[in-house]
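Now for the letters of each chain:
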Amino acid sequence: MRVILSFVLGAGLALAAPALRITGGAVDDQVFQRGPGNTVDIALSGTAADADSEPIEVRITRKFIPVEGWDWKVSGSVRQDQWSAELRGVPAGGPYRIEVRVHGTTVSDSVRNVLVGDLWVLAGQSNMQGVGDLVDVEPPHELVHNFDMADHWVVAEEPLHRLVDAVDRVHWSRNPQTKEPERFEGERLRKYIAERRKGAGLGLPFAVEMVKQMGVPIGLVSCAHGGTSMDQWNPALKDQGGDSLYGSMVRRVREVGGKVAGVLWYQGESDANLKAAPEFQAKFERFIAAVREDFGQPNLPFYYVQIGRHVADANMAEWNLVQEGQRNAEESAARSGMAPAVDLSLDDSIHVGTQDLKRLGRRLANLALGRTRRGPRPLSAVFGDGMVRVVFSDVNGRLTSKARIAGFSIHDASGASVPLIYKAQVDPVDGSAVLLFIGGKLPERATLRYGAGRDPYCNLNDEADMASPVFGPMAIQ
């Protein structure tokens, strides 16, 4: 009889205990952008029935051990079944478990696997979205999470981008019959995920390299969409919200807290045409300025990729015009940097392959960390003694190539290629210069190019694996 009475009494006490829930401020797997003091303030909120005026206590643990200064402490209180708590100065790191309880009870709720570090936006077209083969991809890392396109925080794993079930309509596929955008769900979505064989990108390799070098968690905000042009990313479409690429990106940045550590951008292939290429650089520079203004971060780091190769029937001058516009923008836009991709291998006719996406991610990490120079940048080309001496700045160590240096070409005043270079080598006296040996007479008003055409073979790098960009025409002095 005493056993039954004890059970009933225990059940009664359990029913009387306040029900506590975290409903706002943090979710599982979320990454918070750290502030200048290497910490962040987190405002939590929720509900707690039958606990009016009771204090709310918070504890933060990592691997079941309280973080220094974050054992149970009063951080808020309950008012009319609602509570809020201020967590001031949560240090960079994680994964954290944030536990909340009503003072004097065992009733609690928690969010798990929370990180404090740096948020990076991934935006642009297909090479940022990721079309690499899903073979030998970058493995997940516990300190790298992704705010996926369905607005869920998850541990980052390839593929990062999944447009078909994104929250924002701009990313949806059109129904073949109705021609209206529609979101994949249910069996259709499961089938799409199971059958996907492409989707590796540079975002995860970038983030893992950042963690290795800094020891600080990284959150990625995936916003890219394949096949898109600068006009489709027009900041003037911001007010369309999730019906525009730019509006979707701005909304998602606000959703993760409104501040980020920087933007990674890979786009330009869709603008390599007669109409768009001449306007590309100006549009791109306006885009960078608009992003900084709309994010409220005038000095926001913005790192991007110079478009690489395209295996096509013909070489197009417009492809090189976009590449040159990207190179010039690096000089005009402060706090920006460019990672060339012309030397990288492809997994199809236009998309960088999975293994070299890892290299490209590391190149972008080098730019973001500022621990290497940006890589070879052409300064001058001077002819004398039967050779053209090409001098580069920003070289890490010496210029290198895995085989005979390739990618340079001489052009006459009309722009036509003139086959004159019979040997190319790094200057044995100056590792920041290349010597191009010329067989024959140099044309009047000759120019030098590197990476001319849409599918050149280029292999000039430096000892940090930072590559020379496509450039030209450069006047030969």
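Above this text sits the structure in question.
Procedures and definitions
- Residues numbered from 1 in each chain as written.
- Predicted model: local features only at pLDDT ≥ 70, side-chain atom pairs only at ≥ 80, totals over all residues.
- Heavy atoms only, no water.
- Helix = DSSP H or I, 4+ residues; strand = E, 2+ residues; numbered from the N terminus.
- Buried < 20%, exposed > 50% of the residue type's maximum accessible area, 1.4 Å probe, protein only.
- Contact = heavy atoms within 4.5 Å.
- Lys, Arg positive; Asp, Glu negative; His and termini not counted.
- Charge placed at Lys NZ, Arg CZ, Asp CG, Glu CD.
- Patch = residues over 30% accessible without salt bridge, like charges linked within 9 Å, V, L, I, M, F, W, Y side chains within 5 Å.
- Areas by Shrake-Rupley, 256 points an atom, 1.4 Å probe, with all protein chains shown as cover.
- Salt bridge = Lys/Arg side-chain N within 4 Å of Asp/Glu carboxyl O.
- Core = buried A, V, L, I, M, F, W, Y, C linked by side-chain atoms within 4.5 Å.
- Pairing = 2+ DSSP bridges.
- Phe/Tyr/Trp six-rings, centres within 6.5 Å; stacked < 30°, edge-to-face > 60°.
- Lys NZ or Arg CZ within 6 Å of the ring centre and 35° of its normal.
- Axes fitted to C-alpha atoms, helices over the stretch in contact; angles between N-to-C directions.
- Parallel < 35°, antiparallel > 145°, perpendicular 65-115°, else oblique.
- Left-handed = near helix turned anticlockwise from the far one by under 90°.

A. Layout of the overall build of the protein. Within the protein, the secondary structure is distributed over 8 helices and 29 strands. On the principal axes, the C-alpha backbone points of the protein span a range of 110 × 55 × 40 Å. The 477 residues of the protein split such that 54% are buried. Put simply, of all contacts in the protein between residues at least 6 apart along the chain, 71% involve residues at least 24 apart. In the protein, which carries 53 positive and 59 negative side-chain charges, the distance between the mean positions of the two groups comes to 2 Å.

B. Inspection of a negative patch on the surface at higher detail. Residues Asp 50, Asp 52, Glu 54 and Asp 81 make up a contiguous surface patch of negative charge. Summarising the element assignment, Asp 50 is placed in the loop between strand E3 (39-48) and strand E4 (55-62).

C. Layout of the nonpolar core. Core analysis: the biggest nonpolar cluster contains 72 residues, and Val 121, Met 249 and Phe 295 have the highest contact counts within it. Setting aside residues up to four positions removed in sequence, Val 121 forms contacts with Val 221, Cys 223, Met 249, Val 253, Val 260, Gly 262, Val 263, Leu 264 and Phe 295. Counting 27 residues, the second-largest nonpolar core is a separate cluster that includes Leu 20, Leu 44, Ala 85 and Val 111.

D. Looking closely at helix H5 (residues 245-255). Burial analysis of H5 places 8 of its 11 residues in the buried class, the great majority of the element. Those residues of H5 that are buried lie in contact with strand E9 (108-124), strand E11 (144-147), strand E16 (218-222) and helix H6 (280-294). The positive-phi residue at the C-terminal boundary of H5 is Gly 257, with phi of around 125°.

E. Molecular detail of unusual backbone geometry. A cis amide bond, omega 0°, links Gly 94 with the succeeding residue Pro 95. Within the secondary structure layout, Pro 95 lies in strand E8 (residues 93-102). The omega torsion of the bond from Glu 158 to Pro 159 falls at -5°, within 30 degrees of zero and hence cis. For Pro 159, the location among the structural elements is in the loop between strand E12 (153-155) and strand E13 (173-174). Here Arg 335, not a glycine, exhibits a phi torsion of approximately 55°, which is positive. Examined against the element boundaries, Arg 335 turns out to sit in the loop between helix H7 (317-332) and strand E19 (336-340).

F. Region of the structure containing the pairing of E16. Among the 5 residues of E16, 5 are classified as buried, and the element is accordingly described as predominantly covered. In E16, alternate side chains face the same way, and those of Ile 218, Leu 220 and Ser 222 on one face and Gly 219 and Val 221 on the other are all buried. Sheet topology note: the E11/E16 ladder contains 4 bridges and is parallel. Pairing of His 145 across the sheet is with Gly 219, part of E16.

G. Spotlight on the sheet that holds strand E29 (residues 471-475). Strand order in the open sheet formed by 4 strands is E24-E23-E27-E29, and the pairing between neighbours is antiparallel. Edge positions in the sheet fall to strand E24 (417-418) and E29, since each of these pairs with one other strand and no more. Across 4 bridges, strand E23 (residues 408-411) lies against strand E27 (residues 447-450) in antiparallel orientation. Each residue of the ladder has a partner; that of Phe 408, found in E27, is Tyr 450.

H. Highlighting the packing of aromatic side chains. Enumeration over the complete set of coordinates arrives at 19 aromatic pairs. Residues Phe 287 and Phe 302 carry aromatic rings whose centres are separated by 6.3 Å and whose planes lie at 80° to one another, so their mutual orientation is edge-to-face. With Phe 287 in helix H6 and Phe 302 in strand E18 (residues 302-306), this pair connects stretches of sequence that are 15 residues apart. Summarising the burial analysis for this pair, Phe 287 and Phe 302 share the class buried. Feature note: the residues Trp 233, Tyr 246, Trp 265, Phe 280, Phe 284, Phe 287, Phe 302 and Tyr 304 constitute an aromatic cluster, connected by ring pairs. Directly above the ring of Trp 70 sits Lys 73, whose terminal nitrogen or CZ lies 3.9 Å from the centroid. Here the basic side chain of Arg 101 rests over the ring of Trp 72, its NZ or CZ set 4.0 Å away from the ring centre.

I. Quick look at the sheet that holds strand E21 (residues 387-393). Reading across the sheet, the 4 strands line up as E20-E21-E26-E25 and stay open at both edges, with antiparallel pairing between neighbours. Edge strands, defined here as strands with exactly one partner in the open sheet, are strand E20 (377-384) and strand E25 (421-426). Between one strand axis and the next, the sheet turns by 20° as a mean value, whatever way the strands run. Bridge count for E21 against strand E26 (residues 433-438) is 5 bridges, and the pairing is antiparallel. The partner of Val 390 across the bridge, within E26, is Val 434.

J. Geometry of the environment of Gly 257. If you trace the backbone, Gly 257 turns up in the loop between H5 and strand E17 (262-266). What makes Gly 257 exposed here is its relative accessible area of 60%. Residues Gly 257 and Tyr 457, 200 residues apart in the sequence, show an inter-C-alpha distance of 43 Å.

K. Geometry of the pattern of salt bridges. Inspection of every chain in the model, using the stated rule, returns 32 salt bridges. A salt bridge links Asp 118 to Arg 34; its shortest N-O distance comes to 2.9 Å. Taken together, the residues Asp 118 in strand E9 and Arg 34 in the loop between strand E2 (31-33) and E3 connect sequence positions 84 residues apart. By relative accessible area, Asp 118 is classed as buried at 7%. Residue Arg 359 is joined to Asp 343 by a salt bridge in which the shortest nitrogen-to-oxygen separation is 3.6 Å. With a gap of 16 residues between them, Arg 359 in helix H8 (residues 354-369) and Asp 343 in the loop between E19 and H8 connect regions that are remote in the sequence. Taken together, the shared-partner salt bridges in this structure form one network comprising Glu 330, Glu 331, Arg 374, Arg 377 and Asp 394.

L. Spatial organisation of the packing of H6 against H7. Their axes nearest at 9 Å, the elements H6 and H7 cross at an angle of 40°. Between H6 and H7, the angle falls in the class oblique. Classified by chirality, the crossing of H7 by H6 is right-handed. Together, Phe 280, Gln 281, Phe 284 and Glu 285 of H6 and Val 322, Gly 325, Gln 326, Asn 328, Ala 329 and Ser 332 of H7 make up the contact between the two elements.

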